[in-house]
Amino acid sequence: MTEPTKETIDFGFRTVGKDDKAGLVANVFHSVASKYDLMNDLMSFGIHRIWKRFTIEASGVRRNQRVLDLAGGTGDLTAKFSRLVGEKGEVVLADINDSMLKMGREKLRDLGIVGNVNYVQANAEELPFPDNYFDCITISFGLRNVTDKDKALRSMYRVLKPGGRLLVLEFSKPILEPLNKAYDAYSFHILPRIGQAIVSDAESYRYLAESIRMHPDQETLKAMMENAGLEQVSYNNMTGGIVALHKGFKF
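Residues numbered from 1 in each chain as written. Predicted model: local features only at pLDDT ≥ 70, side-chain atom pairs only at ≥ 80, totals over all residues. Heavy atoms only, no water.

Asks: Quick rundown of the sheet that holds strand 3 (residues 66-70)? Include the residues and the values.
Replies: Ordered in space as 5-4-3-6-7-9-8, the seven strands form an open sheet in which the pairing is mixed. In the strand order of this sheet, the two ends are held by strand 5 (117-121) and strand 8 (231-238), each with one partner. Put simply, the sheet's adjacent strands are angled 15 degrees from each other on average, direction ignored. Here strand 8 runs beside strand 9 (residues 243-249); their pairing, made up of six bridges, is antiparallel. Of the residues in strand 9, the one forming a bridge with Met238 is Val243. On top of the sheet, helix 3 (residues 48-59) reaches strand 6 (134-140), strand 7 (160-171), strand 8 and strand 9; it is set at about 165 degrees to strand 7, its chief contact. (Pairing = 2+ DSSP bridges. Helix = DSSP H or I, 4+ residues; strand = E, 2+ residues; numbered from the N terminus. Axes fitted to C-alpha atoms, helices over the stretch in contact; angles between N-to-C directions. Contact = heavy atoms within 4.5 Å.)

Asks: An account of helix 6 (residues 149-159) is needed here, citing residue identities and associated values.
Replies: If you check which residues of helix 6 are buried, you get Lys149, Ala152, Leu153, Ser155, Met156 and Val159. For helix 6, the angular spread of buried residues about the axis comes to 160 degrees, placing them on one side. One side-chain oxygen of the residue at the start of helix 6 lies 3.3 Å from the amide nitrogen of Asp150, identifying that residue as Asp148. (Buried < 20%, exposed > 50% of the residue type's maximum accessible area, 1.4 Å probe, protein only. Arc of directions from axis to C-beta. Polar contact = N/O pair within 3.5 Å; in protein donor to acceptor, adjacent residues only side chain to side chain.)

Asks: Quick one: what's the story with the layout of surface pockets, residue by residue and with numbers?
Replies: By volume, the largest pocket amounts to about 550 Å³. If you go around the largest pocket, you meet 35 residues; those closest to its centre are Ala71, Asp95, Ile96, Gly142 and Asn145. Counting residues per element, the ones that place at least two in the lining of the largest pocket are helix 1 (21-32), helix 2 (36-44), strand 3, helix 4 (76-85), strand 4 (90-95) and strand 6. At four residues, the largest contribution of residues to the lining of the largest pocket is made by helix 1. Across the lining of the largest pocket, the residue classes break down as 16 nonpolar, 11 polar and eight charged. One number sums up the size of the second largest pocket: a volume of about 450 Å³. For the second largest pocket, the lining is made up of 26 residues, of which Met43, Ser44, Trp51, Phe171 and Leu208 are closest to its centre. Secondary-structure elements contributing two or more residues to the lining of the second largest pocket are helix 1, helix 2, helix 3, helix 7 (177-199) and helix 8 (202-214). The biggest single contributor to the lining of the second largest pocket is helix 8, with five residues. Considered class by class, the residues forming the lining of the second largest pocket number 18 nonpolar, seven polar and one charged. (1 Å grid on protein atoms, 1.4 Å probe; cavity = no way out; pocket = protein on both sides within 12 Å on 5 of 7 lines; lining within 4 Å. Points joined across faces, edges and corners; volume = space filled by probe spheres on them. Nonpolar A, V, L, I, M, F, W, Y, C, P; charged D, E, K, R; others polar.)

Structure below.
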């Protein structure tokens, strides 16, 4: 009797079983969690702070609202949202990886942010929240690691309130060919060496570079968000398209 064909998906440039990807991604982030913030600064030369600031400004978040910071990692966006929503608002820092969630919790508590933030270990494909719950959802540098991106986008759409907005901040496709070549050289030759030097893990940062290349380009992601039900979807390229912020609304 022939065994059923195992469904596969990309893990960087490798092909793995679809059921195996989440565990492989988890191992990457368990490995890098303790030096995640330091590596973000080194990898992006600090520019990630500007990308995140632009995301906060585009969120339109106001006092007393509910915000989901999905794949929120060490809580950079959560810290900002906590101040914006005030003591009667709510911010949920959610991540599938317990090591990252632990680092985020410790970091925010060290900053004195305790009252209006909740921490939830959650899979983006099956969010454990009620329908029409959040005024704003952000997913920052996390969507490319999700196994079923379409399912995750539908899940986000479900828990978003009518009138709410979804913001997807993610590495994307450089729009200038010379920049593309320089970016490839940096990503595949320098980045793994930084990872080896700082966290003794070149392989995780090689996966990072590969996962960026496998992620949908700007127009493809825009169409995916529209297919999930979001409307008025638009995007802004930053740093020549190395990063893009996609925004869509639920009406």
